[in-house]
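Coordinate inspection notes
The chain contents come next:
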Amino acid sequence: MCGIIGIISTNGNVSRMLRESLKRLEYRGYDSAGIATIANGIIFVKKDKGKIDEIHRMLNFDSLPGNIGIGHTRWATHGQPSRENAHPHLDCSGMIAVVHNGIIENYLELREELSKLGHTFRSETDTEVIPHLIEEFLKSNKSLEEAVRQALLKVKGSFAIAVISSKEPDKIICARKESPLLIGIGNSQMFCASDIPAILPYTRNIIVLDDMEMAVLTPNSVTIRRIDTGEIVNKDIIQVSWSPEEAEKGGFPHFMLKEIHEQPRAIRDTLRVDEKALEIFVQKILTADKIYFVAAGTSYHAALAAKYMLAKLAGLGSDAIIASEFEEQFPGDSSGDSVLIAISQSGETADTLVASRIAKNAGVCVLAIVNVVGSSLTRLADHVLYTRAGPEIGVAATKTFTTQLTLLSMIAAKAARENGMIDLDEYIRLNTELNEMPRKVRDVIERIEIKVKQLSKHLANCRNAFYLGRGISTATALEGALKMKEIAYIHAEGYPAGESKHGPIALVEPGFPCIFVAPPDSTYHSIIGNVTEMKARGAEIIVLTSKSCDDVIKNANTALILPEVHPILSPIPYIVPLQLLAYYTAVERGYDPDRPRNLAKSVTVQ
Ligand code: G6P
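Residues numbered from 1 in each chain as written. Predicted model: local features only at pLDDT ≥ 70, side-chain atom pairs only at ≥ 80, totals over all residues. Heavy atoms only, no water.

**Observations concerning the packing of aromatic side chains**
Enumeration according to the criterion identifies eight aromatic pairs in this entry. Judged by centre distance (5.6 Å) and plane angle (90°), the ring pair of Y292 and F326 falls under edge-to-face. With a gap of 34 residues between them, Y292 in strand 15 (residues 290-295) and F326 in helix 11 (residues 326-329) connect regions that are remote in the sequence. Residue Y292 shares its accessibility class with F326, and that shared class is buried. Taking the centre distance of 4.8 Å and the plane angle of 50° together, the rings of F466 and F512 count as tilted. Residue F466 is located in strand 20 (residues 464-469), and its partner F512 is located in the loop between strand 21 (491-496) and strand 22 (513-517); the two are separated by 46 residues in the primary sequence. Comparing F466 with F512 shows no difference in burial state: the two are buried. (Phe/Tyr/Trp six-rings, centres within 6.5 Å; stacked < 30°, edge-to-face > 60°. Helix = DSSP H or I, 4+ residues; strand = E, 2+ residues; numbered from the N terminus. Buried < 20%, exposed > 50% of the residue type's maximum accessible area, 1.4 Å probe, protein only.)

Structure representation (structure tokens):
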């Protein structure tokens, strides 16, 4: 997730406006930033790694000349944060500058093709192929607009881009597919931006571009076309009434709710995995003598789910260990063939770093699943796979959990296929279902949010709750309970449902909320017994299940119906109602879910 901005004006210099707009997009990424402007037929660029203010102090963005320019704030996906990898990116001639948010999937192919044609690349980014492609199409006397259109027809993946050229310095070309982009219509000024907050001080009149649309902006006009056909599209202008603070949260009252709603996008981006790194992970796992997962907090719950995934699908045993406990459980690596998979959103959690270092020093191969590119864990690990959730601001992890699960299920599926534990049909089914997951998660949110909000009014008055599941749903139950305790401050206990009769059931009295995570998998018949045990003691039964599961539905006071998915994928849609439940319960109790007491987003002490 990155932020882009473009401004063209008749009212003088735009560099300061570009910088201030980028500041308002910094929540979308903050590892590097840059601005390009045009004056006197020359493109000027200032960019570097670091936060916008830091770079500004060093380079003074405001001194860039010209009344047209583009800017970018980066959240690295390809290549470490560095000056070379920061946007804008230029073509060989230095006459075309591009900023991009998204992922170009076929960039390696395109890079090779373009290199053969004599193009020189200066960064490791996927984005850099775009200015070179445009440069290539401009050679056949096309207009800038047509060259951009042709270039975009060649790229696969997602993009929101803004392009300027010193040869046609009177326009900005922008376009989108899957990444957000809107146009702002000002007074003799035109804008394009990833999000509304960027342009709110200048205009409230916007046009939202749809997928596969591109626009040519001049200070006083906007022309929108379809990228595929080149046809002109007429679109309505929308008036935005949000305050700047509301706009930063995308109109949501809290970042946590915004991030819950962002999950379809985050999962879709994560599915665009680095295939080579995925294959390395799978090979290391398949040849390992011993497999450890280590993580903390929510990431530990993803690790626990992964342990079930590997066992059920690939027939592989593993250990999921809480990072701070690893040292006391790790027997060393006598065979020299162990692998440790460290999972961390931030890549900075001290406990996870320490565990990984201990393993590494013992000769274990360390694989990392991380959201923040360039973080400490990525530097320590032998190989890294990235979740592409974008920056997560809410302290309680939401979109980073479902994206971790997405990657882990891809790893398990590929390992199971390669060691022959699943046939091609099942492998195809898993991949098809993963590709449908963004839509399914969106449907879950749309269908269930109001019902969960009503349920939260009741839960807000409870002092305790049990979250119970069996098999992989134990991980979902633990994560649901963690969300409830960390932001709504209700004592919520996640437990394996089968184990609940060995102690926890003693707490149950009439009205005690028991939330069962009960998808229709191999544990379903056993969990029916656990539901009736709790019901017999007067518990209030809330079930998350699928529509075919009559036996649990008929025993429930409330049933939340979720889509039927492959058993190893169920934690992804099933956690969403539990995230929403914790969120609405916290709000109902008058707490700020974005700032839970005593907690930090990234815990860098042991
Ligand atoms: C903190 C956060 C949790 C997070 C945990 C692990 O406790 O409050 O939300 O799950 O750290 O963080 P990591 O960045 O390693 O995933």
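Continuing now.
**As for the site of the ligand**
In the vicinity of the ligand there are 13 residues, among which S299, S344, Q345, S346 and T349 approach most closely. In this structure, S299 approaches the ligand through a side-chain N or O atom, which is 2.6 Å from an oxygen atom. Take Q345: an N or O atom from its main chain is 2.7 Å from an oxygen atom of the ligand. Sort the elements by how many residues they give to the shell around the ligand and helix 10 (residues 297-314) lands first, with three residues. Here the residues of the shell around the ligand sort into five nonpolar, seven polar and one charged. (Near = heavy atom within 4 Å. Polar contact = N/O pair within 3.5 Å; in protein donor to acceptor, adjacent residues only side chain to side chain. Nonpolar A, V, L, I, M, F, W, Y, C, P; charged D, E, K, R; others polar.)

**So, the pairing of strand 4 (residues 68-74)**
Look at any regular strand and the pattern is simple: side chains alternate between the two faces of the sheet. Here strand 4 lies mainly inside the structure; seven of its seven residues are buried. Along strand 4, one buried face is formed by I68, I70, H72 and R74 and the opposite face, lined by G69, G71 and T73, is buried too. Where strand 2 (residues 32-39) lies against strand 4, six bridges are found, and the strand directions are antiparallel. Along strand 4, the bridge assignment pairs S32 with R74. (Pairing = 2+ DSSP bridges.)

**What about the sheet that holds strand 6 (residues 96-104)?**
An order of 5-6-7-8-12-13 is seen for the six strands of this open sheet, with the pairing classed as antiparallel. Two strands close off the open sheet at either side, each with one partner strand: strand 5 (89-90) and strand 13 (221-226). Here strand 7 (residues 157-165) pairs with strand 8 (residues 172-177) via four bridges, running antiparallel. When the sheet's bridge partners are listed, A160 is paired in strand 8 with R176. Sheet contacts for helix 5 (residues 144-154): strand 7, strand 8, strand 12 (213-218) and strand 13; angle to strand 7, the most-contacted strand, approximately 160°. (Contact = heavy atoms within 4.5 Å. Axes fitted to C-alpha atoms, helices over the stretch in contact; angles between N-to-C directions.)

**What to know about the sheet that holds strand 10 (residues 189-193)**
Taken in spatial order, the eight strands of this open sheet run 3-2-4-1-10-9-11-14, and their pairing is antiparallel. The sheet terminates laterally at strand 3 (42-49) and strand 14 (238-239), the two strands that pair on one side only. The strands that helix 1 (residues 15-24) touches are strand 1 (3-9), strand 2, strand 4 and strand 10; relative to strand 1, the one it contacts most, it runs at about 155°. Most of the contacts of helix 2 (residues 52-59) go to strand 3, to which it runs at about 125°, and overall it touches strand 2, strand 3 and strand 4.

**Describing the nonpolar core**
Counting residues in hydrophobic clusters, the biggest one holds 89 residues, and the most contacted among them are I291, F293, I369, L385, L408, I411 and Y467. Sequence-distant contacts of I369, defined by excluding residues within four places in its chain, comprise F281, I341, A342, I343, S344, L385, T387, L407, L408 and I411. Judged by nonpolar contacts, the second largest core, of 27 residues, contains F137, L144, I161 and V216. (Core = buried A, V, L, I, M, F, W, Y, C linked by side-chain atoms within 4.5 Å.)

**Description of the packing of helix 8 (residues 263-271) against helix 15 (residues 424-459)**
Between two packed helices, what matters for the description is the angle formed by their axes and the separation of those axes. Running from N to C, helix 8 and helix 15 cross one another at 175°; their axes reach a closest spacing of 8 Å. The angle between the axes of helix 8 and helix 15 places the two elements in the roughly antiparallel class. Seen from helix 8, the contacting residues are Q263, P264, I267, R268 and L271; seen from helix 15, they are L434, N435, M437, P438, V441, R442 and I445. A breakdown of the residues in the contact of helix 8 with helix 15 according to their chemical character gives eight nonpolar, two polar and two charged. (Parallel < 35°, antiparallel > 145°, perpendicular 65-115°, else oblique.)

**Focus on the domain arrangement of the protein chain**
Segmentation of the protein chain into domains returns domain 1 (3-244) and domain 2 (264-588). Computed over C-alpha atoms only, the centres of domain 1 and domain 2 are separated by 37 Å. Taken together, both faces of the contact between domain 1 and domain 2 bury some 1,200 Å²; the carbon and sulfur share is 58%. Together, W75, I103 and E178 form the three largest contributors to the area buried by domain 1 at its contact with domain 2, with a combined 44%. Here domain 1 and domain 2 share three salt bridges between them. A salt bridge links E178 to R268, with the shortest nitrogen-to-oxygen separation between them at 3.6 Å. At the surface where domain 1 touches domain 2, the tally comes to three residue pairs in polar contact (both at pLDDT 80 or more). (Domains from an automatic or database assignment. Buried area = accessible area lost by both parts, 1.4 Å probe. Salt bridge = Lys/Arg side-chain N within 4 Å of Asp/Glu carboxyl O.)

**Concerning helix 19 (residues 571-588)**
If you check helix 19, its first and last C-alpha atoms are 26 Å apart, about what 18 residues at 1.5 Å a residue would give, namely 26 Å. Counted residue by residue, helix 19 has 16 buried out of 18 residues, so it is predominantly covered. (Expected span 1.5 Å × (residues − 1).)

**Points about unusual backbone geometry**
Backbone torsion omega between H87 and P88 reads -5°, so that peptide bond is classified as cis. In this structure, N60 takes a positive phi of about 55° despite not being glycine. Locating N60 in the fold gives a position in the loop between helix 2 and strand 4. Exposure remark for N60: the relative accessible area of 35% places this residue in the partly exposed category. Even without a glycine there, the phi angle at N141 is positive, about 60°. With respect to the helices and strands, the residue N141 is situated in the loop between helix 4 (129-138) and helix 5.

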